[in-house]
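Residue strings, one per chain:
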Amino acid sequence: MNSILRVKLLKLIFLSFIVFIVISCAENSPKLNGDRISERITFGERSLANPEEVRPERERGINSIANRNYDRAFRTLTNYLESTPNDPEARIFLNNLEVEKSKKPYHVIAVSMPISSNLNASLEVLRGVAHAQYDWNFSRSGGEGMLKVAIVDDDDDNPNNGTKIAEEVATELGKRQEILGVVGHYTSDTSLATANIYKDYQLVSISFSTSVELTNYSPYFFRTVPNDQAAAKALAKYAQTEFNSVKAVVFYNSDSKYSKSLSQEFISEIGRRNIILRENPDCDLSTWSKNPEGWREKATKVLNRAKDSANVLMLAPSSGYLDRALEILQVNQGDLPVLGGDEVYSAKTLEKGRDSALGMIVAIAWDIEVNEAGSDFPERSRKLWGTSSVNWRTITAYDAVQALGKAIDDQAKPTREGVREELSSNFSTPGALRAVKFLDSGDYDGDIQLVEVVKIGSRYDFVPLKR
């Protein structure tokens with residue numbers, strides 16, 4: 001072989017090696033950001049909120065959607081929901097299939113929740129979205145256009161990233177021009193992080209976040225819950241009625257906008273001089289060890305220091321710190337009366353708190369037992385889910401979808417900007433238990449409901465506080 005051929009052969013071998021390396025790297029590298037975020041959005045082609053026991057029928061239905069075998073998917077999910085009605089994700093998928101099957105005009109909205117890390121709360125919200133979508137499309141309140149719903153998981157797998165995924169999700173939803181509104185986000189931190197992104201895309205979000213920092217934050221931000229100031233005021237008023245002089249220990253976690261907002265508003269309502277151990281770092285649950293074995297010692301230390309001067313405990317944890325707050329309940333064992341924010345309103349509180357939670361007063365947006373307008377929502381809820389025992393998250397999500405549906409339907413040619421204009425102009429529409437209205441600030445025009453933990457037979461429950 002002459003030298004020229006040898007050089008050409010070496011070049012060819014070298015180029016082949018380079019091509020092999022490039023292809024291998026491409027195959028083994030992480031998916032592009034857009035693909036990664038798209039996998040967090042579903043209309044039914046994948047499940048984001050799998051139940052603990054995934055029934056084969058459910059899985060077959062979702063696989064059929066992914067394979068575009070919509071008739072089979074419709075039959076399969078219909079059969080599945082007849083035997084397992086209390087599955088909101090599957091209900092939304094079936095609702096979406098019915099929209100496609102009807103061939104009628106429809107509009108798209110999205111619901112964004114931290115499904116991976118807070119499945120129970122996400123399912124409660126999805127239950128409200130599914131019920132409102134069902135009512136709007138097939139029952140009592142729908143208009144010209146039907147609603148199709150995209151479910152989104154905005155939870156970050158890496159807690160050190162904070163709200164990075166939520167921001168990327170918001171950007172993706174903003175780019176999808178067919179989406180006319182977003183139900184979410186769940187936490188105040190994610191709502192604050194995404195509000196300006198939605199503003200840039202002129203996309204309305206209707207949230208359950210309560211931080212006062214969100215009041216007047218963006219003309220495209222609305223919420224169907226009162227803010228933390230309203231909750232703090234209701235709890236403070238209750239405490240001031242019960243005690244001549246309120247002396248409170250406030251537990252919170254400083255790494256949450258919601259927790260800081262609620263605790264600071266409560267302190268403002270009762271006065272800083274009435275806060276016991278105000279500067280004690282152990283009252284900040286984010287300073288506690290991640291190891292649960294040390295929590296009882298922390299709680300005991302604080303309560304021992306407070307017991308001679310405090311007459312009430314205030315628990316204002318965000319969802320990730322509920323277990324630490326429940327440790328405080330266990331150590332307290334009912335010695336001091338306890339107040340709590342809406343994140344304490346949880347089945348876990350009843351299951352783990354039991355007798356130590358008895359008498360605790362919690363501020364929430366709604367309780368289904370308080371039905372002053374005589375709404376048939378509880379009965380319709382029972383028929384759809386097999387239970388009328390849905391909570392404030394379900395009710396406020398239902399109201400959010402109803403508001404978006406009405407704002408879209410009131411336009412001859414719906415646009416994102418038109419949705420904002422409708423919601424901002426003396427807006428009112430029937431909700432689950434009362435009319436949905438917004439203040440000029442975007443805040444919900446409604447009151448706080450106080451509930452109390454009681455024991456009914458052998459079970460524990462939250463019931464409306466009798467005033």
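Our structure is the block above this text.
So, a few notes on the structure that sits alongside this text. Each chain has its residues counted from 1, following the order in which its sequence is written. This being a predicted model, a pLDDT of at least 70 is required before a residue's local features are given, and a value of 80 or more before pairs of side-chain atoms are given or counted; all residues contribute to the totals for chains, interfaces and linings. In computing side-chain properties, one takes all heavy atoms of the structure into account and sets aside hydrogens as well as water.

With respect to the packing of helix 3 (residues 56–66) against helix 5 (residues 88–102)
Line of reasoning, step 1. Two elements in contact, helix 3 and helix 5, have axes whose closest approach is 12 Å; the angle formed by their N-to-C orientations is 40 degrees. Taken together, the axes of helix 3 and helix 5 are oblique relative to one another. Between helix 3 and helix 5 lies a crossing of left-handed hand. Along the contact surface, helix 3 presents Arg58, Ile62 and Ile65, while helix 5 presents Glu89, Ala90, Phe93 and Leu97.
Line of reasoning, step 2. Basically, the charged four are Asp, Glu, Lys and Arg, the nonpolar ten are Ala, Val, Leu, Ile, Met, Phe, Trp, Tyr, Cys and Pro, and anything else, Gly included, counts as polar. The residue makeup of the contact of helix 3 with helix 5, split by class, is five nonpolar, no polar and two charged. Note on geometry: axes are lines fitted to C-alpha atoms, helical ones only across the stretch in contact, with angles between N-to-C directions running from 0 to 180 degrees. Helical segments are the DSSP runs of H or I of at least four residues, strand segments are the runs of E of at least two, and each set is numbered from the N terminus. Every angle not falling under 35 degrees, over 145, or within 65 to 115 is termed oblique; those three ranges are roughly parallel, roughly antiparallel and roughly perpendicular. Rotating anticlockwise by less than a right angle from the far helix to the near helix defines a left-handed crossing, while the corresponding clockwise rotation defines a right-handed one. Should any heavy atoms of two residues lie within 4.5 Å, those residues are considered in contact.

With respect to the sheet that holds strand 7 (residues 248–252)
Line of reasoning, step 1. We treat two strands as partners when DSSP finds at least two bridges between them. Judged by pairing direction, the sheet is mixed, and its six strands sit side by side in the order 7-8-9-10-13-14 without closing on themselves. Of all the strands in the sheet, just strand 7 and strand 14 (459–464) have a single pairing partner and so form its edges. Looking at each pair of strands side by side, their axes are set apart by 25 degrees on average, direction ignored.
Line of reasoning, step 2. One ladder, built from five bridges, connects strand 7 with strand 8 (residues 312–316); its direction is parallel. Looking at strand 8, one finds that Ala248 is bridged to Val312.
Line of reasoning, step 3. Each of strand 7, strand 8 and strand 9 (338–340) touches helix 12 (residues 322–332); the most contacted strand, strand 8, lies at about 160 degrees to it.

Points about the pattern of salt bridges
Line of reasoning, step 1. For this document, the term salt bridge refers to a Lys or Arg side-chain nitrogen within 4 Å of an Asp or Glu carboxyl oxygen. For the structure shown, the criterion picks out 23 salt bridges.
Line of reasoning, step 2. Here Arg296 makes a salt bridge to Glu327, at a shortest N to O gap of 2.8 Å. Of the two residues, Arg296 sits in helix 11 (residues 295–306) while Glu327 sits in helix 12, which places them 31 residues apart along the sequence.
Line of reasoning, step 3. Counted as one network, the salt bridges with shared partners bring together Arg36, Lys164 and Glu168.

Considering helix 5
What sets the pattern is the α-helix's 3.6 residues per turn: residues three or four places apart point alike.
Line of reasoning, step 1. Its 15 residues give helix 5 an end-to-end C-alpha distance of 21 Å, which sits within 8% of 21 Å, the value for a rise of 1.5 Å per residue.
Line of reasoning, step 2. Working definition: with a 1.4 Å probe on protein chains only, accessible area under 20% of the residue-type maximum means buried, over 50% means exposed, and in between means partly exposed. With 11 of 15 residues buried, helix 5 lies mostly within the body of the structure.
Line of reasoning, step 3. When helix 5 is considered as a whole, its buried residues turn out to be Pro88, Glu89, Ala90, Arg91, Ile92, Phe93, Leu94, Asn95, Asn96, Leu97 and Val99. Take the number of residues in a helix, subtract one, and multiply by 1.5 Å to get its expected span.

A closer look at empty space enclosed by the protein
Line of reasoning, step 1. For each structure, a 1 Å grid was placed over the protein atoms alone; sets of points admitting a 1.4 Å probe that cannot get out are labelled cavities, open sets with protein on both sides within 12 Å along at least five of seven lines are labelled pockets, and lining residues have an atom within 4 Å of a point. Grid points are joined across faces, edges and corners, and a volume is the space filled by probe spheres set on the points. Applying the stated criterion to the full structure yields one cavity of 30 Å³ or more.
Line of reasoning, step 2. The space that makes up the largest cavity amounts to roughly 90 Å³.
Line of reasoning, step 3. In this structure, the largest cavity is lined by 15 residues; those nearest its centre are Thr210, Pro226, Ala231, Asp342 and Ile448.
Line of reasoning, step 4. Broken down by secondary-structure element, the contributors of at least two residues to the lining of the largest cavity are helix 9 (228–242), helix 10 (257–270) and strand 10 (361–364).
Line of reasoning, step 5. By residue class, the composition of the lining of the largest cavity is 10 nonpolar, three polar and two charged.

Points about the side chain of Ser356
Line of reasoning, step 1. For Ser356, the location among the structural elements is in the loop between helix 13 (347–353) and strand 10.
Line of reasoning, step 2. Ser356 sits in the buried class, given a relative accessible area of 4%.
Line of reasoning, step 3. By the criterion applied in these results, polar contacts are pairs of N or O atoms within 3.5 Å in which, for protein atoms, one can donate a hydrogen and the other can accept it, and in which residues neighboring in sequence qualify only through two side-chain atoms. In this structure the side chain of Ser356 is engaged in a polar contact, spanning 2.5 Å, whose partner is the backbone oxygen of Gly353.
Line of reasoning, step 4. The contacts of Ser356, once residues within four sequence positions are left out, are Leu329, Gln330, Gln333 and Gly334.

Points about the packing of aromatic side chains
Line of reasoning, step 1. We call Phe, Tyr and Trp rings a pair once their centres come within 6.5 Å, taking the six-membered ring for Trp, and we label the pair stacked below 30 degrees between planes, edge-to-face above 60, and tilted otherwise. Tallied over the full model, the rule gives five aromatic pairs.
Line of reasoning, step 2. Seen in terms of ring centroids, Tyr134 and Phe138 are 5.7 Å apart; in terms of plane orientation they differ by 65 degrees. Their pairing is edge-to-face. With Tyr134 and Phe138 both in helix 6 (residues 119–138) and four residues apart, this pair spans about one turn of that helix.
Line of reasoning, step 3. Given a relative accessible area of 29%, Phe138 falls into the partly exposed group.
Line of reasoning, step 4. Taking 4.4 Å as the distance between ring centres and 25 degrees as the angle between the ring planes, the aromatic pair formed by Tyr345 and Phe462 counts as stacked. With Tyr345 in the loop between strand 9 and helix 13 and Phe462 in strand 14, this pair connects stretches of sequence that are 117 residues apart.

Notes on the nonpolar core
Line of reasoning, step 1. Phe251 and Leu423 are the most contacted members of the largest nonpolar core, which has 97 residues in total.
Line of reasoning, step 2. In terms of residues, this core owes the most to one element, helix 15 (residues 392–409), which gives 10 residues.
Line of reasoning, step 3. By size, the runner-up hydrophobic cluster in this structure holds 24 residues, among which are Ala234, Leu235, Ile275 and Leu465. As used here, the term nonpolar core means buried Ala, Val, Leu, Ile, Met, Phe, Trp, Tyr and Cys residues forming a set that is joined through side-chain atoms within 4.5 Å.

Quick look at the environment of Asp87
Line of reasoning, step 1. Assignment of secondary structure puts Asp87 in the loop between helix 4 (70–83) and helix 5.
Line of reasoning, step 2. Leave out the neighbours within four places in its chain, and Asp87 touches Pro51, Arg58, Tyr80, Leu81 and Trp385.

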